[in-house]
Amino acid sequence: MATDFKSIPLIDVSPLLEKWDHPNIGQDEGVAQVVRQLDQACREAGFFYVKGHGVPVSLMKEIKSITREYFHQPYEEKIKIKLSASTGYRGYQRIGENITKGIPDIHEAIDCYREVEHGMYGDLGDVMQGSNIWPSNPPNFKQLMDEYIDRCTDLSRKIMRGISLALGGPANEMEGEIGGDPFWVLRIIGYPAASISNGHDKAENDVGCGAHTDYGLLTLVNQDDDIVALQVRNKSGEWISAPPIPGTFVCNIGDMLKILSNGIYESTLHRVINNSPKYRVSVAYFYEPNFDAAIEPLDVCLRKTGGTKNFEGAVYGKHLVSKVTTNFVMLD
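Residues numbered from 1 in each chain as written. Predicted model: local features only at pLDDT ≥ 70, side-chain atom pairs only at ≥ 80, totals over all residues. Heavy atoms only, no water.

What counts, and what does not: UniProt positions are given in the numbering used here, feature names are shortened, and annotations may be inferred rather than shown by experiment.
The protein is annotated in an unreviewed UniProt entry as Fe2OG dioxygenase domain-containing protein from Datura stramonium. Of the comments in the UniProt record for the protein, the one headed Sequence similarities (unreviewed entry) reads "Belongs to the iron/ascorbate-dependent oxidoreductase family."

Now the structure itself:
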């Protein structure tokens, strides 16, 4: 359960990454220290930064640079990969087309999902059927994003092994039928610079992305190094800033991990408000369970919480589809 945290902890996960597939991973002192830090962060804030993550900082910078290059193109160029129901909700959405709790978000984005082939998940997968549609300009956009997705998937799997240990299970507790064939989501996001009128900052409700929790297991956010915009809500309802720390990812846990942990870990509300005079980019990678996984509290977590299920189970793909189909409105 989230606490009245005032800041977000920074965790060096390199000892975990070095031993992630070691048969005695739980007995390594370096790993044990990372596991304790993950446990504390997930219990108290649901958010943490990671360093020592093994993803080249040069790649993280390239991803943000090429994202900015894409968004700075004319609208006529961006709309060539327009998102719609017929694309499996993949592609570009203009400012105001993404909706959070009924209110348009002040950002533009490219939404990407793991490929879903026809019949792969029966009726459950119909809405998400399709492949990602990538822009032809910049020319190396798809190549860079594919490499980045592979890196983030690998890193997320290893961090999830540490979180499994933190909850008291084996390192592979959340693989197999839960996350052995993980789905993923990538949102490539651009937030316009703050509009200044008569010397006053933009309106309070001019929110880049409204308050929400994430849907899956673990999110990795690669944000601009020089703009403070991401905010996380603590137990008292205060919004705590997550200022950029260059070379790190901001990580947070999602709704499916809240259910698996039976509420030991909370998926924390967060939002984005860009009050900067600069355009801001952020690339968020979401590591999810298997698309058709039936998510229930883990036995190890039930034992820790008195044996009663605090949450109803959920089929991940159904949860995702319910969000995807209600978070979008086509403006033209």
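Alright, that's what it looks like, and here's the rest.
## Digging into the pairing of strand E14 (residues 280-287)
For clarity, the threshold we go by: Any residue under 20% of the maximum accessible area for its type is buried, any over 50% is exposed, and the rest in between are partly exposed; the area is computed with a 1.4 Å probe on protein chains only. Helix and strand definitions here come from DSSP, where helices need a minimum of 4 consecutive H or I residues and strands a minimum of 2 consecutive E residues; each element is numbered from the N-terminal end. Strands are treated as partners if at least two bridges between them are detected by DSSP.
The buried count for E14 comes to eight of eight residues, which makes it a mostly enclosed element. A two-sided burial pattern is seen for E14, the buried positions comprising Arg280, Ser282, Ala284 and Phe286 on one face and Val281, Val283, Tyr285 and Tyr287 on the other. Of the pairings in the sheet, the one linking strand E7 (residues 184-191) to E14 comprises eight bridges and is antiparallel in character. Note that in E14 the partner of Leu186 across the bridge is Tyr285. Pairing of strand E9 (residues 218-223) with E14 involves six bridges; the strand directions are antiparallel. Its bridge partner being in E14, Thr219 is matched across the sheet by Phe286.

## Structural notes on the pattern of salt bridges
Pairing of side chains with opposite charge becomes possible as their charged atoms draw close. We apply this condition: A side-chain nitrogen of Lys or Arg and a carboxyl oxygen of Asp or Glu constitute a salt bridge if their distance falls within 4 Å.
Under the definition given, this model contains 18 salt bridges. Salt-bridge contacts for Asp226 lead to Lys278; the nearest nitrogen and oxygen are separated by 2.8 Å. Placement of Asp226 in the loop between E9 and strand E10 (230-233) and of Lys278 in the loop between strand E13 (270-272) and E14 is noted, with a sequence separation of 52 residues between them. Between Glu266 and Lys258 there is a salt bridge, and its shortest N-O distance comes to 3.9 Å. Neither residue differs from the other here; Glu266 and Lys258 are each classed as buried. Through salt bridges with shared partners, a single network forms among Arg157, Arg161 and Glu175.

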